[in-house]
Amino acid sequence: PDCDGFDPDSGAAPVVRYERFSGEATVGARPGPFERLHATFRYERLRAHHAGSVPPAPGAEPAIAIGSSNVSAITGTWELDTRDDFFLPREGLRALVQVTFGSRLLGGDYEYSRYLLNLDTSFALLRAPLRFQASLGAAQGDPPFFERFYGADLSYFAIGPALARALELNFSTDSRYDAFAAMGGVEYAIPLWSRAGFLRRGYVALGLRA
């Protein structure tokens, strides 16, 4: 995480390069008109090796096995979504509960479990949407680093080198992944206009997230 000692030649900093080859299969059902329930089996083949002029210090390298390894995991997800709008809902609730188990019994090399809870609810206050958000996650055992939590994914705005991941790809120089994450946030959107056409609605949004 800290490469300041290698400035200005950051190319000499410790580096771990890795590759992921994966496939997954999902089955799902709709228990109710606003609910989705699905289970996913994922198998990944990983290859990792040290690069750069010096290897990472023990305990400072990413949580991934050097050499070849496998991730084999089952994920169960339940989702409820009663929001009246995807972009800025004025009412409704979105709740997501997700549990992941990875095990050698499934053919993998990592023993871990991962738990995630997301809540997003909105109310109309003075004809404008007031939105509350919360997220809580924990990972147990020895998951690979990309199965842990990356703080910028939960940020309202990312400041500095930390950028939210896109499709699980991290384009940031910040590589800190944690086994625990908690987020709470509130947002109030003041409407400016509503009309037909390309720019249908305009808002000034005030938000805070921690």
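Every value quoted in this text rests on a predicted model; they were computed, and no experiment measured them.

## Notes on the pattern of salt bridges
Line of reasoning, step 1. All chains considered together, the criterion is met by 11 salt bridges.
Line of reasoning, step 2. Note that Arg 36 and Glu 79 form a salt bridge whose closest N and O atoms lie 2.6 Å from each other. Remark: Glu 79 occurs in strand S3 (residues 67-81) and Arg 36 occurs in strand S2 (residues 35-51); sequence separation between them is 43 residues.
Line of reasoning, step 3. Overlapping salt bridges, with partners in common, bring together Arg 20, Arg 42, Glu 44 and Glu 147 in one network.

## Thoughts on the side chain of Glu 147
Line of reasoning, step 1. Looking at where Glu 147 falls in the secondary structure, it is placed in the loop between strand S6 (128-141) and strand S7 (149-150).
Line of reasoning, step 2. The exposure class of Glu 147 is buried, given its relative accessible area of 8%.
Line of reasoning, step 3. In terms of polar contacts, Glu 147 uses its side chain to reach the side chain of Arg 42, at 3.2 Å.
Line of reasoning, step 4. With residues up to four places along the chain from it excluded, the contact list for Glu 147 reads Arg 42, Thr 100, Tyr 112 and Arg 114.

Conventions and cut-offs
- Residues numbered from 1 in each chain as written.
- Predicted model: local features only at pLDDT ≥ 70, side-chain atom pairs only at ≥ 80, totals over all residues.
- Heavy atoms only, no water.
- Salt bridge = Lys/Arg side-chain N within 4 Å of Asp/Glu carboxyl O.
- Helix = DSSP H or I, 4+ residues; strand = E, 2+ residues; numbered from the N terminus.
- Buried < 20%, exposed > 50% of the residue type's maximum accessible area, 1.4 Å probe, protein only.
- Polar contact = N/O pair within 3.5 Å; in protein donor to acceptor, adjacent residues only side chain to side chain.
- Contact = heavy atoms within 4.5 Å.

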